[in-house]
Structures are given as structure tokens and as C-alpha cells.
Amino acid sequence: MLNRLEIAGGADRAGRPEEIRGIALKAGESLAVAGPTGSGKSEFLADIEQLAAGDTPSGRIVSYRNAKGEMAGRSPAIVATLSQRTNFIMDARVEEFAALHAASLGKPGRDWAQRTADLANTLCGEPMTPESPLQRLSGGQARALMIADIALISDAPVVLIDEVENAGIDKHLAVSVLTGHGKIAVIATHDPVLILSSPRRLIMAEGGMRRLLAAAGEDRRCLDRLAGYDAALLRARDILRRGEEMREEFFR
Amino acid sequence: MKALIVAGPPSAGKTAVILHVARRLLAAGDKVAAVKFDTRSSLDPELYASSLGIPAIGGLSDYLCPDHYFISNMEEALEWGKSRGADCLFIETAGLCLRCAPHIEGLPAVTVVDSLSGLHAPQKMGPMLALTDIVVLTKGDLVSQAEREVISFGIHAANPRARIHPVNGLLGTGSLGLSGELRQLPELDEAAERKLRHDMPAAICSYCTGERRIGRRYQSGNVEKLRPESPHAEPA
Ligand SMILES: Nc1nc2c(ncn2[C@@H]2O[C@H](COP(=O)(O)OP(=O)(O)OP(=O)(O)O)[C@@H](O)[C@H]2O)c(=O)[nH]1
Ligand SMILES: Nc1ncnc2c1ncn2[C@@H]1O[C@H](COP(=O)(O)OP(=O)(O)OP(=O)(O)O)[C@@H](O)[C@H]1O
Ligand SMILES: [Mg+2]
Ligand SMILES: [Mg+2]
Ligand SMILES: [Zn+2]
């Protein structure tokens, strides 16, 4: 039996039962979570992260079965979360943080600091080193390090991603390092290409799960066109970030 | 009656957590009361009374050592709780130094740790953390998951015996598990003849009796001096 994540619906912010009564995700599946600002995307992720047991504001019940079919309790080994925050509070250098986080998950040794910093540096602009103090990383660097940390050190079977498109890092590369290998991924995003890239999307409104849509054939054709626009925007961003000027031939 | 001693640094989230847990106990039909020990002033007793409608009192140590004041009033606090017919009495302590712990052998001990308090906080917290039964980790919403895991690891290293409950003091998330655990605890409400889990600092010197002047000639009683020859006094 595969890993399986189940979310039983609770109530929206007004206390009304959610329209979507439940969702199940199997190993390797990803779900996009979309909706206006304040619609409850982050709250939905927080419920999964904490394996909510009716004890959160939404009243949702989240359960997880591992590959052996056992119900798992709350444990950091199950869910890794990339939250919306873009800074570290901890007063430590990248290497201390990586070593401590690996040790806290029972994974000591293996040069975590260098590998994590190397992966983070593929995601962001200016490089960090294992000696960099966490609190002096830029928003984008901190986010890149959080992503690399989740991919390499946490390496959990369920990955929650909250607005990876923020902070100017390579969002497609970030999603690909965070997901895959049979992981269940739940991706809260405002980005049309990321929304359409998941086979299913959950639409949130007023704190509740409002609609659950599967990507249809026309969605997919639109995704290809949107991905083209998106790639053009990212190329333009890189040109401008390098200090070059935009030329009309860019569009030819 | 169940007596619970809740300790933790200032603003760690003790009151926020107690409010959430007490609300769950009240919903289950229990009678709840609270005592707050503090140094100079405290808004907590009014907060308990106004937000939950439970009996609540406060005690201020004022010019006395807060640790000594707290332990000297343990029986009185428990007697007051019983006189109010409480099934569960929360004893919130604040202003205690990290040299001591207010925890008592045989009585359930809860220590609240703030996720923002830093990487080395679990070591620095000393016996208040090392000798507790239950650790409540608050403000996890303000740090990354990895940082929460590192702090929990530090707490576990400082006290491998304690169960750690992450609780969000704003939303109450996690308070279900904590109140479930508290509900399992035995009914214990006698303090006399029990012992503190850790000794308290001596405080019998001239400053204990209100002395404010500085200088060796004003000092008497238990006085310890800096020892420059001690190994940790200077960097190597
Ligand atoms: N974001 C966040 N804030 C919290 C959390 N828990 C408590 N707070 C806030 O932290 C502040 C202090 O909380 P209190 O519960 O008053 O702390 P305390 O330990 O009782 O403080 P004293 O009794 O004064 O020592 C309040 O503004 C709370 O709302 C939490 O989990 N997350
Ligand atoms: N079902 C619910 N019941 C009660 N409160 C809720 C519920 N869902 C969300 N909330 C609350 O509503 C507020 C906004 O929700 P949230 O932060 O999850 O929005 P969001 O969709 O992530 O917004 P953004 O796009 O700005 O990140 C939060 O304070 C959250 O705790
Ligand atoms: Mg959000
Ligand atoms: Mg308080
Ligand atoms: Zn004292």
C-alpha cells in the first residue's frame, strides 16, 4: 500500500461546512491550492503540517498512512513545510543549522552543510557559504536555503509549499527539487503556471475548500501557452537583473 | 483537585496556553481556577477572570525573592484552589530566575518555551526545563519548521524525559493534545511534606534586608565574590 494523505473537511471562516467534504492524495500526487489573498491557503497547509485533529480553527481532520499502511502520528519525519516566511530567527551559521537540523532528524554526518549550501546556490543569485550567518542571508537566499534543507535534510514523504514564486528564486527548479520521488506535494500558489501544472487544483474561498478541479484537456493546452509567456517573463527578468537593456528583438 | 505548576520566562506564552487548555477543561465540565505569582504587577488574574469567568488571584513577591515567595505560598495557593471547589488549579509562575525551578516532586510540572528564544535557550534555561515533566513549545508560527525541529532537539537534549507539546498560543492549535495529557494526570493537591525538585538560591545577605549601598563594608551574610582565577573567567 502506498503513502496516503486524507483531509476531511471542516468549516470555513464563517463556520459553514466546507463544500469539499474531503480530499485524498496518494504517493507521487500533487495538488495545487489557489484562491484570493486571505482565502485560507496557508491555514490549509498548516492543518496538514500539524495533522489537524479537529483542534484547529477549521476543524479539519488530517490523517496520514505510511507505505506499510500504518496511521502515523504527528512527527516531523512525515511532513516538511516551506512556509511563507523568508527569514531565519535562529542565531547560527548555515553549517551549524544544517548539522543541527540533520542531527535533530537522526541523520548525522554526510557533509550536510556543503551539500545544502550548494543546492541553495543553484536556486538563488548571490551565493552563500557554509560560514554565512543565517540572519544575514537575503530573503531570496534564506528561502533557497529553506528549500535545499527540505529537499536534502528533511526529505519527508509529504511536502507543503507556500508561495514558492515569491522572493525571486527559480520557482520551477525549486518545485522540481522539492517534489518527485513518490512524494505527496501540496502547493499553495498565486502563479497560473504552477496552478495548472498540478493534475488537480483546490480552490479556497473564505477559509473553506470551495471547489476541486482536475486539469482538463483545454487547461493543458492553455498551460503550454502560459508557460511560454512565463518563460519569456523569466528571461526578461534575467536580462534586467544582469543590468542589460530590453530590445524589441526579444519578442521575435 | 489537580494542581499544575506552569513555569517559563516572561512573555513565553504561559497565560495564552493556559487560557486555551482551561477553555477545553471548562467545556468538558471541569471547574478551573488560576493563581498567578509575579514580582511587581500582573494583569493575568483579571485576564483569567474576564476571559474565562474563573476564580483567579495574584500574588506579588515585591521586595522578596520571587522564588522564595512562591514556594512559601504553595500550601496557601492549593488551599485557596480547594476552597473554590476547583477540579484543576493552574499555578502560573513568573519572574523566577533561571537558577531555580518552581517544580515540586510529585506534582505535575509544565514549562513553557518560546520558539523565538534562540538556539541555546534550552541549555540556558537550566533546572526549570531540565526538571519538568511537560514542555510546551509556543510561537512555532513565527519560525521555520526546521528551526522548530532544532529547538525541539535542544529541549530533548536538556530533558530527555519530558514530553514536548507544540501549542500555538494565538490560535490554540495543539491544546487538544496537551489538555488530553493533563486530563490523564493524577489528582494531587497536597504540597506540605513534598520537596522542591531543585534547591533555591540563598538570600541571606544585607541586600536581602533592603541595603542599596555598594561596597564591601555594607555586605554581610552570604556573600560570594568573583574569582578571576576560575577557569571560565577569561578567554583562553
Ligand atoms: N505568534 C504567537 N504569539 C504568541 C503565541 N503564544 C503567545 N503569544 C503572544 O505572546 C505574548 C505573551 O504571551 P503571554 O501568554 O501573556 O505570556 P506569559 O508567559 O503569560 O507572560 P508573563 O505572564 O507576563 O510572564 C502575547 O502577546 C501572546 O499573544 C504563539 O504561539 N504565537
Ligand atoms: N477554516 C477557517 N476557519 C477559521 N479561520 C480560518 C480558516 N481558514 C483560514 N482562517 C484564517 O484566515 C486568515 C487568512 O488565512 P490564510 O493566511 O490561510 O490565507 P492565504 O490564502 O494563505 O492568504 P495569502 O494568499 O495572503 O497568503 C488566517 O488568520 C487564518 O487563520
Ligand atoms: Mg498564505
Ligand atoms: Mg502570563
Ligand atoms: Zn531567593
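Residues numbered from 1 in each chain as written. Chains lettered and ligands numbered in written order. Predicted model: local features only at pLDDT ≥ 70, side-chain atom pairs only at ≥ 80, totals over all residues. Heavy atoms only, no water.

Novice: Lay out the side chain of arginine 201 of chain A in plain terms, naming residues and giving numbers.
Specialist: Residues and elements named next belong to chain A. Structurally, the position occupied by arginine 201 is in strand S8 (residues 200–205). When its relative accessible area of 13% is taken as the criterion, arginine 201 is described as buried. Here the side chain of arginine 201 touches aspartate 219 through a polar contact of 3.1 Å, side chain to side chain. Ignoring any residue separated from it by four or fewer positions in sequence, one finds arginine 201 in contact with Leu31, Ala32, Ile195, Leu196, Arg211, Leu212, Leu213, Ala215 and Asp219. (Helix = DSSP H or I, 4+ residues; strand = E, 2+ residues; numbered from the N terminus. Buried < 20%, exposed > 50% of the residue type's maximum accessible area, 1.4 Å probe, protein only. Polar contact = N/O pair within 3.5 Å; in protein donor to acceptor, adjacent residues only side chain to side chain. Contact = heavy atoms within 4.5 Å.)

Novice: Describe in detail the sheet that holds strand S2 (residues 32–38) of chain B, supporting the description with residues and values.
Specialist: Within a sheet, adjacent strands bond to each other through the backbone by hydrogen bonds, running parallel or antiparallel. All names here are of chain B. Overall, parallel pairing links the seven strands, which are arranged S3-S2-S4-S1-S5-S6-S7 in an open sheet. Single-partner strands in this sheet number two, and they are strand S3 (56–60) and strand S7 (163–166). For this sheet, the mean angle separating the axes of adjacent strands, direction not counted, is 20°. Bridge count between S2 and S3: five bridges; the pairing is parallel. The residue of S3 that forms the bridge with phenylalanine 37 is glycine 59. Contacts between helix H2 (residues 44–52) and the sheet are confined to S2, S3 and strand S4 (88–93), with S3 contributing the most and set at about 175° to the helix. (Pairing = 2+ DSSP bridges. Axes fitted to C-alpha atoms, helices over the stretch in contact; angles between N-to-C directions.)

Novice: For helix H8 (residues 175–184) of chain B, give the residues involved together with the corresponding values.
Specialist: Residue and element names in this part refer to chain B. All of the buried residues in H8 are Ser175, Leu178, Ser179, Glu181 and Leu182. Projected onto a plane normal to the axis of H8, the buried residues spread over an arc of 160° and lie on a single side. Contact partners of the buried residues in H8: strand S1 (2–7), helix H1 (14–27), S4, strand S5 (109–114), strand S6 (134–138) and S7. (Arc of directions from axis to C-beta.)

Novice: So what about the layout of surface pockets? Which residues, and what values?
Specialist: Roughly 1400 Å³ of internal volume is contained in the largest pocket. Around the largest pocket, the lining comprises 43 residues; the ones closest to its centre are Glu49 and Gln50 of chain A together with Gly140, Arg148 and Pro166 of chain B. Within the residue set of the lining of the largest pocket, elements represented by two or more residues are helix H1 (41–49) and strand S5 (79–82) of chain A together with helix H7 (145–158) and S7 of chain B. Here the lining of the largest pocket is built from residues that sort into 14 nonpolar, 19 polar and ten charged. (1 Å grid on protein atoms, 1.4 Å probe; cavity = no way out; pocket = protein on both sides within 12 Å on 5 of 7 lines; lining within 4 Å. Points joined across faces, edges and corners; volume = space filled by probe spheres on them. Nonpolar A, V, L, I, M, F, W, Y, C, P; charged D, E, K, R; others polar.)

Novice: Lay out a negative patch on the surface in plain terms, naming residues and giving numbers.
Specialist: On the surface, Glu75, Glu76, Glu79 and Glu193 of chain B cluster together into a negatively charged patch. Note that glutamate 193 of chain B resides in the segment after H8. (Patch = residues over 30% accessible without salt bridge, like charges linked within 9 Å, V, L, I, M, F, W, Y side chains within 5 Å. Areas by Shrake-Rupley, 256 points an atom, 1.4 Å probe, with all protein chains shown as cover. Salt bridge = Lys/Arg side-chain N within 4 Å of Asp/Glu carboxyl O. Lys, Arg positive; Asp, Glu negative; His and termini not counted. Charge placed at Lys NZ, Arg CZ, Asp CG, Glu CD.)

Novice: Would you mind going over the site of ligand 2 in detail, with residue names and values included?
Specialist: Residues and elements named next belong to chain A. Neighbouring residues of ligand 2: 17 residues in total, closest Arg13, Gly38, Lys41, Ser42 and Glu43. A distance of 2.5 Å is found between an oxygen atom of ligand 2 and a side-chain nitrogen or oxygen belonging to arginine 13. Measuring from an oxygen atom of ligand 2, one finds a backbone N or O atom of serine 39 at 3.2 Å. Within the complex, the protein chains bury 76% of what would otherwise be the 640 Å² of accessible surface of ligand 2. For the shell around ligand 2, a count of residues per class yields three nonpolar, nine polar and five charged. (Near = heavy atom within 4 Å.)

Don't take any of this as a statement about function, it's just geometry.
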